Amino acid sequence: MVELRARWADLVPGSAPLADELVARYVERNRRAYRDQYLGIVLTALDSLIQLSTDPTSVRLAAWFHRAVHEPGGTPSEDAEASARLAEQILPQYGVAPIRIAEVARLIRLTGDLAAPPPDSYAPPRRDANGDVLLDAVNAILASDPSRYAVHTAEVRRDASDRKTALEHRYGDVRELLDGHLYRTQLARQRLGPVARVNLESELAGLDTELPAPWRGWQQAALTATATFTAIAAAVVAIAASGASWQTPAAQDEPGWPPVALAVLSFFSAPILFRCARSASQRARLIAGAVLAIAVTGLLIAWAQAPRTNVAVGVGLRVPLLISALLLLLIAGAAALVASLLRTRTARFLPARNLGQQLAWLAAPAAVALALLLIIQPLSRGYVLGSNERVEGTPGEAGKSAPSVLDGRVAWVSGSVAGTGAEEAIGTRYGIAIPRPSGVVEMLDAATGELRWRYSRSDSDEKPVIAATGNGDYVLAQFADVGYLLLDANTGRRKAAWPGRTRDRFIQQSQPLLTGERSGKLHGVDPTGHERWTYDSGSCTDLGAISTAETVVTFVSHTCDDRPDEMAALDVQSGKKLWTKTSDTYRRPVVVGGLVVVAEPGGDSDVPAALTAIEPRTGDIRWRWEVPRTWACRTLLNAAGKYLIVVDCPGPSSLENRKTIVTAVDANTGLTAWQTEAPVSPRMKVTVTADGRVISLSRGSTGCLANVISQAGFRQVRLPTGISCSRDPRAVGNLVLTSGTDTVIALR
């Protein structure tokens, strides 16, 4: 106290009582903070800075008075205001000039806000020399001896009314101080700044251990993790791009090094960006910015070099994969740059680890993985699908075909359909779809044979496999190396592309749509490829199925043991099992009149013992139709309206027999409706119209003949020249199609 009293040194002539009163205020017993040691540190620092002021006496008086009034738990602004009023009351008694009293009061009130100066305050527009010197001296406590500083901070916290509130408030104050320059004068920055920053950082680390901060710093951790794992993801995608082609078909001189180089760059960027995101240095920001610039440059080059598609050249999968890898690298560089910039402002001083940061490090790779699976992969596939497809034609209203009466005349002849024929045609609500080589599907008008639209793909050089689905509203086309695409039967526009996991499945039935796997799984699928349900018959099974509008009937044969074969029914919409029972090996199921008709095995012969109609919802047998024992050929079953059309041969040997017998069985009663025998070879491929006519083609002495077997009997019709008798006919409803050299021909 004596040493502190000596510092007054007749600051104001005849003011010894004032000095004693001020010293007494700083050492009074009820004061827990800002005691005499604190005032001594402030006055010592002021001695080294006072030459920078314009009114040293006012600055010294303000330093003595600035904490003369202090109440436990009071804020700096409250203490400063009360102390300024005290100075305004006392100093006039000692003859201090009013102008100096006003300056002292102003300076004291400045100490109510000890926030650090903003970063751009090196040269403020108006300098307050006295205020800068006083505030730097007051903040000199920050640069005191570490043990003394620890005692000061402990006293300040003990002085507060609520410890938790004081800790939180102090944490914010320290963070704010560290984000600025700490001192206003250049001299104080040089002498006090380094030590003060060390003290504040140590205090902040201690506050981190005392304050519950489970989430503090998660943003910084998330950015660092994003930069690291996104760079790794870019390397993975670049490696995948190296195995794909830049264009389709692949050019022989296509360079393979760009994706490899990008993969290497991305892989080595991951640890570098990790360090950059955790550093506040200028070098770290430059490196992160360089990675960002490389990614942007690569994107511009890749976009400019992307192949221009035409009928013969398409975009390869490498294009979207390489662009995706560059985008990921761009995100990684941006995340590292933002993390580095953020660390220099508000996130430099964070706890080493906490729950928020740990969760951020777990969430970031999960988010990157999901982005690869749910965003990048679908977008890449969608880009390739959209870039390589073309739809030609402007279809108007679809025409309706007239039934073929088979009078020997031609209804229409299509344009050139080289590489395909009538046997591959399918009927839809909007015409007749035909697959062609080189990835083409064409829709012909059923009334005229004119081309309504053509869908083609540049990335497929094989003939697609097509089926009608969605009650004839869609064409489901399977393209090699592409998968199943759903085309609108009216316009040819692609409505959906099935997910990649369905690429190797086969169409068990197109209406309702069922798909199967070789592993014994059956899937109920919507036309868009969405799975409603999956039925697994187990290992070592051979699974077949057929469906009505409401029910799927499955046939399961066990191939690895002697367990009996099974038949089960599933609901079409939900896949719920309705019933199951053991059965013989039923073959050749067909749906007629809402019933499932199966052929009971007839021993070693291809001729079944009987045909059995099963109620699909209950499994009950509706009727059983005995197959004549004299029949000798492979029995063919077809549905035609309410009739089951059965085609066989009546003789003892299919090699010698030259006749075909056609029987129509009423699906409701199981009784024979009509039967016709015709002198037609049973080895001819036949097609069945919707009204029950069985038609085949044969070569006669005068040309190609159409053999028509129906309820009215048998007749042969001589066909015009140009129709190929060696190719199978096709019935689309009641329209009969045949093949020309490079055309499809509809018979009148």
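All values derive from a computational prediction rather than experimental measurement.

Each value, and the rule that gives it
- Residues numbered from 1 in each chain as written.
- Predicted model: local features only at pLDDT ≥ 70, side-chain atom pairs only at ≥ 80, totals over all residues.
- Heavy atoms only, no water.
- Phe/Tyr/Trp six-rings, centres within 6.5 Å; stacked < 30°, edge-to-face > 60°.
- Buried < 20%, exposed > 50% of the residue type's maximum accessible area, 1.4 Å probe, protein only.
- Lys NZ or Arg CZ within 6 Å of the ring centre and 35° of its normal.
- Helix = DSSP H or I, 4+ residues; strand = E, 2+ residues; numbered from the N terminus.
- 1 Å grid on protein atoms, 1.4 Å probe; cavity = no way out; pocket = protein on both sides within 12 Å on 5 of 7 lines; lining within 4 Å.
- Points joined across faces, edges and corners; volume = space filled by probe spheres on them.
- Nonpolar A, V, L, I, M, F, W, Y, C, P; charged D, E, K, R; others polar.
- Pairing = 2+ DSSP bridges.
- Axes fitted to C-alpha atoms, helices over the stretch in contact; angles between N-to-C directions.
- Contact = heavy atoms within 4.5 Å.
- Core = buried A, V, L, I, M, F, W, Y, C linked by side-chain atoms within 4.5 Å.
- pLDDT = per-residue confidence, 0-100.
- Parallel < 35°, antiparallel > 145°, perpendicular 65-115°, else oblique.
- Left-handed = near helix turned anticlockwise from the far one by under 90°.

Caption draft 1: Up close: the packing of aromatic side chains. Evaluation of the coordinates by the stated rule reveals 8 aromatic pairs. Taking 5.6 Å as the distance between ring centres and 85° as the angle between the ring planes, the aromatic pair formed by Phe267 and Phe268 counts as edge-to-face. Phe267 sits in the exposed class, given a relative accessible area of 52%. Through a chain of ring-to-ring contacts, three or more aromatic side chains come together here, namely Phe229, Phe274 and Trp361. Directly above the aromatic system of Tyr26 lies the positively charged group of Arg31, at a separation of 5.0 Å from the ring centroid. Against the face of Tyr34 rests Arg67, its NZ or CZ located 3.7 Å from the ring centre.

Caption draft 2: Summary view of helix 4 (residues 56–65). Counting buried residues along helix 4, 7 of its 10 residues qualify, which places the element largely inside the surrounding structure. Residues of helix 4 that are buried: Ser58, Val59, Leu61, Ala62, Ala63, Trp64 and Phe65.

Caption draft 3: Region of the structure containing the layout of surface pockets. Here the largest pocket is characterised by a volume of approximately 1,100 Å³. Lining the largest pocket are 42 residues, with Leu317, Val384, Asp459, Asp481 and Arg503 sitting closest to its centre. When contributions to the lining of the largest pocket are tallied by element, the ones reaching two or more residues are helix 11 (218–242), helix 15 (355–387), strand 3 (389–392), strand 8 (451–457) and strand 12 (494–497). Considering each element in turn, the lining of the largest pocket owes the most residues, 10 residues, to helix 15. Of the residues contributing to the lining of the largest pocket, the split by class is 21 nonpolar, 11 polar and 10 charged.

Caption draft 4: Representation of the sheet that holds strand 21 (residues 587–592). Taking strand neighbours across the sheet as the criterion, the 4 strands line up as 21-22-23-24 in an open arrangement whose pairing is antiparallel. Edge positions in the sheet fall to strand 21 and strand 24 (621–626), since each has one partner strand and no second. Each adjacent strand pair in this sheet contributes to an overall mean axis angle of 30°, direction not counted.

Caption draft 5: Representation of the sheet that holds strand 5 (residues 426–428) in the model. Read across the sheet, 5 strands follow the order 3-8-7-6-5 without closing on themselves; strand pairing throughout is antiparallel. Two strands close off the open sheet at either side, each with one partner strand: strand 3 and strand 5. Averaged over all pairs of adjacent strands, the angle between their axes in this sheet comes to 20°, without regard to strand direction. Note: strand 5 against strand 6 (residues 431–436), 3 bridges, orientation antiparallel.

Caption draft 6: The environment of Gly472, seen in detail. Note on placement: Gly472 falls in the loop between strand 9 (465–469) and strand 10 (474–479). C-alpha of Gly472 to C-alpha of Gly427: the two residues are 45 residues apart in sequence and 7.4 Å apart in space. Once residues within four sequence positions are removed from consideration, Gly472 is found in contact with Thr428, Arg429, Tyr430 and Ala489.

Caption draft 7: Here's a closer look at the nonpolar core. In this structure, Trp8, Trp64, Phe65, Leu91, Leu142, Tyr183 and Leu200 are the most contacted members of the largest nonpolar core, which totals 62 residues. Every element with two or more residues in this core is listed here: helix 2 (16–27), helix 3 (36–49), helix 4, helix 5 (76–90), helix 6 (98–110), helix 7 (129–138), helix 9 (163–178) and helix 10 (186–210). Looking at this core element by element, the count peaks at 8 residues for helix 3. Residue contacts for Leu142: discarding those within four places in its chain leaves Tyr149, Arg170, Leu177, Tyr183, Val195, Ala196, Asn199 and Leu200. Residues Ala241, Ala295, Leu299 and Ala336 belong to the second largest nonpolar core, which totals 35 residues.

Caption draft 8: Looking closely at the confidence of the model for the protein chain. The predicted model of the protein chain averages 87 in pLDDT, with 94% of residues at 70 or higher. Confidence drops under a pLDDT of 50 for residues 120–125, and excluding neighbours within four residues, the segment shows 6 contacts in the predicted structure. This model gives residues 345–349 a pLDDT under 50, and the stretch forms 16 contacts once residues within four places in sequence are excluded.

Caption draft 9: Examining the packing of helix 3 against helix 4 more closely. At a minimum axis distance of 10 Å, the contact between helix 3 and helix 4 shows a crossing angle of 165°. Between helix 3 and helix 4, the crossing angle belongs to the class labelled roughly antiparallel. Our pair here, helix 3 against helix 4, has a crossing hand that is right-handed. The segment helix 3 lies against helix 4, with Leu39, Val42, Leu43, Leu46 and Asp47 engaging Val59, Arg60, Ala63 and Trp64. Considering only residue class, the contact of helix 3 with helix 4 consists of 7 nonpolar, no polar and 2 charged.

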